[in-house]
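Okay, here's what each chain looks like letter by letter:
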Amino acid sequence: MRRLSTMTSRKAETQGSGKALRHRQTLIAWGFSLPFIIIFSMFMLLPLLSALYMSFTDITAHDLRTPFNVNFVGLQQYIALFKDPLFRHSLLVTGTFVIIGVPVTIIIALALAVALNKGMRHLNSFFRALFYAPVVASVVAVSVVWRYILQDDGLLNNVLKTIGIHGPAWLNDTHVALLALIIMTVWRNVGTSMIIFIAGLQGMSGQVEEAASIDGCNAWQRFIHITLPLLKPTLLLSLILVSVSYLQFFDESFVMTQGGPLNATLSASYYIYKKFGFGQYGMSSAASWVLFIIIALVSVLQFRVMRSDD
């Protein structure tokens, strides 16, 4: 009996010390997380909730001094938003930008990653840095270069002229202005997905491909039936990052074309910016939340589609 009571007391002490240790670890974890929580709450969560509140009011620039004395209008801002043909047009432009830009970016990035994953290490490092350089370059500097390339008498049209092709006014033609921005954006962002794909390829075991090669599979069959399925989580990550980025595209339209010509490159983000600049804060907040919901739905859909074969 004495031994049993001793064992029981030791077990209780062990459980008590274990609980104290877990409690201490929890406090330490919250202590490390607290700076992020404070910064996130101040600069992300609070503005997000403020925008949600403003989207249900008629707040304008004249109400900044008395933001709580505005009228609650319910869904009126959202109804007016979808009645605005310019907003619907901006969604169409954004959708076109995403539908064309995302697949092109992913395909080019994957092709570059596969090509650079093999071969000479030093040469591959040089090309990785070369393709990734546009990602870290300033969007203003990139835009200046591309405006020179795409202007009517710019580098691209001069090159086309040497082979007998009369190039269009890339940034002033409503039919090709959006295509010009897509080309620039793909060039600028393909390096990020390329690095992600290279990391995924280097994390794969080469034994499976080696076994398939011994069994008689050619390079294309190994890529389709082995590399791509193993690369699925990496592909999902890159797809979501690129899609979210392209759904919010703003810099290219703002710097290169200011939404023109004739609103041909007016993105949803640029529409929100213009409404905010006009002092229509309620309408701008409603448009922001519509874009936020679209981004969330697209991300969830991509998760469902990419995980449907698991």
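Keep in mind that what you see is a predicted model, and the values were worked out from it rather than measured.

So, about the overall build of the protein. Scanning the protein from terminus to terminus reveals 13 helices and zero strands. Listing the helices and strands of the protein from first to last along the sequence gives α-α-α-α-α-α-α-α-α-α-α-α-α. Within the protein, the proportion of its 310 residues that are buried is 36%. Of the contacts formed within the protein by residues at least 6 apart in sequence, a portion of 67% connects residues at least 24 apart. A total of about 19,400 Å² of accessible surface is found on the protein, and carbon and sulfur atoms cover 68% of it.

Next up on the list: the packing of aromatic side chains. Evaluation of the coordinates by the stated rule reveals 16 aromatic pairs. The interplanar angle of 35° and the centroid separation of 4.7 Å between the aromatic rings of Phe276 and Tyr281 together place this pair among those described as tilted. Overall, the relative accessible area of 12% leaves Tyr281 in the buried class.

This brings us to the layout of surface pockets. The space that makes up the largest pocket amounts to roughly 730 Å³. In this structure, the largest pocket is lined by 25 residues; those nearest its centre are Leu48, Ala51, Gln248, Ile272 and Ser288. Elements represented by at least two residues in the lining of the largest pocket include exactly helix H1 (2-54), helix H12 (268-277) and helix H13 (281-307). The leading source of residues in the lining of the largest pocket is H1, at nine residues.

As a further point, take the packing of helix H7 (residues 177-202) against helix H10 (residues 232-247). In contact at an axis separation of 9 Å, H7 and H10 are set at 160° when each is read in the N-to-C sense. For the element pair H7 / H10, the angle class is roughly antiparallel. Classified by chirality, the crossing of H10 by H7 is right-handed. Within the contact between the two elements, H7 uses Thr185, Val186, Asn189, Ser193, Ile196, Phe197 and Gly200 and H10 uses Thr234, Leu235, Leu237, Ser238, Leu241, Val242 and Tyr246. Looking at the contact of H7 with H10, its residues break down into eight nonpolar, six polar and no charged.

Let us now look at the nonpolar core. Counting 57 residues, the largest nonpolar core has Leu81 and Leu150 as its most contacted members. In this structure Leu150 touches Leu156, Trp170, Leu171, Ala180 and Met256, once residues within four positions along its chain are discounted.

By the element assignment, Ser253 lies in helix H11 (residues 251-257). By relative accessible area, Ser253 is classed as buried at 0%. Within the structure, the side chain of Ser253 is placed 2.7 Å from the backbone oxygen of Thr265, a separation counted as a polar contact. Ignoring sequence-local partners within four residues, the contact set of Ser253 consists of Leu181, Gln258, Gly259, Thr265, Leu266, Ser267 and Tyr270.

This part covers the packing of helix H5 (residues 139-150) against helix H6 (residues 155-162). Contact pair H5 / H6: the axes reach a minimum separation of 4 Å and the direction vectors enclose 30°. It follows from the interaxial angle that H5 and H6 lie roughly parallel. Residues Tyr148, Ile149 and Leu150 of H5 form the contact with H6, whose own contacting residues are Leu155, Leu156 and Asn157. In terms of residue class, the contact of H5 with H6 is built from five nonpolar, one polar and no charged.

Following the sequence through the fold, Ala51 ends up in helix H1. For Ala51, a relative accessible area of 15% gives the class buried. Taking C-alpha positions, Ala51 is 5.0 Å from Ser285, a pair spaced 234 residues apart along the chain. Once residues lying within four places of it in the same chain are set aside, the contact partners of Ala51 are Ser285 and Trp289.

A word on the side chain of Ser143. For Ser143, the location among the structural elements is in helix H5. Take Ser143: its relative accessible area is 1%, and that puts it in the buried class.

In this model H5 runs 16 Å from its N-terminal to its C-terminal C-alpha over 12 residues, within 8% of the 16 Å that 1.5 Å per residue would give. For H5, every residue scored as buried is listed here: Val139, Val142, Ser143, Trp146, Ile149 and Leu150. The arc that holds every buried residue of H5, seen down its axis, measures 120°, which confines them to one face. In this structure, the buried side of H5 is in contact with H6, H7 and H11.

Summing up the model confidence of the protein, the mean pLDDT is 84 and the portion of residues at 70 or higher is 88%. Within the protein, helix H3 (residues 85-116) carries the highest mean pLDDT (93), whereas helix H8 (residues 206-214) carries the lowest (67).

Another aspect to go through is the environment of Phe82. Within the secondary structure, Phe82 is located in helix H2 (residues 76-83). Along the backbone, Phe82 and Ala287 are 205 residues apart, and their C-alpha atoms lie at a distance of 9.2 Å. Sequence-distant contacts of Phe82, defined by excluding residues within four places in its chain, comprise Phe87, Arg88, Leu91 and Val290.

How each quantity is defined
Residues numbered from 1 in each chain as written. Predicted model: local features only at pLDDT ≥ 70, side-chain atom pairs only at ≥ 80, totals over all residues. Heavy atoms only, no water. Helix = DSSP H or I, 4+ residues; strand = E, 2+ residues; numbered from the N terminus. Buried < 20%, exposed > 50% of the residue type's maximum accessible area, 1.4 Å probe, protein only. Contact = heavy atoms within 4.5 Å. Areas by Shrake-Rupley, 256 points an atom, 1.4 Å probe, with all protein chains shown as cover. Phe/Tyr/Trp six-rings, centres within 6.5 Å; stacked < 30°, edge-to-face > 60°. 1 Å grid on protein atoms, 1.4 Å probe; cavity = no way out; pocket = protein on both sides within 12 Å on 5 of 7 lines; lining within 4 Å. Points joined across faces, edges and corners; volume = space filled by probe spheres on them. Axes fitted to C-alpha atoms, helices over the stretch in contact; angles between N-to-C directions. Parallel < 35°, antiparallel > 145°, perpendicular 65-115°, else oblique. Left-handed = near helix turned anticlockwise from the far one by under 90°. Nonpolar A, V, L, I, M, F, W, Y, C, P; charged D, E, K, R; others polar. Core = buried A, V, L, I, M, F, W, Y, C linked by side-chain atoms within 4.5 Å. Polar contact = N/O pair within 3.5 Å; in protein donor to acceptor, adjacent residues only side chain to side chain. Expected span 1.5 Å × (residues − 1). Arc of directions from axis to C-beta. pLDDT = per-residue confidence, 0-100.

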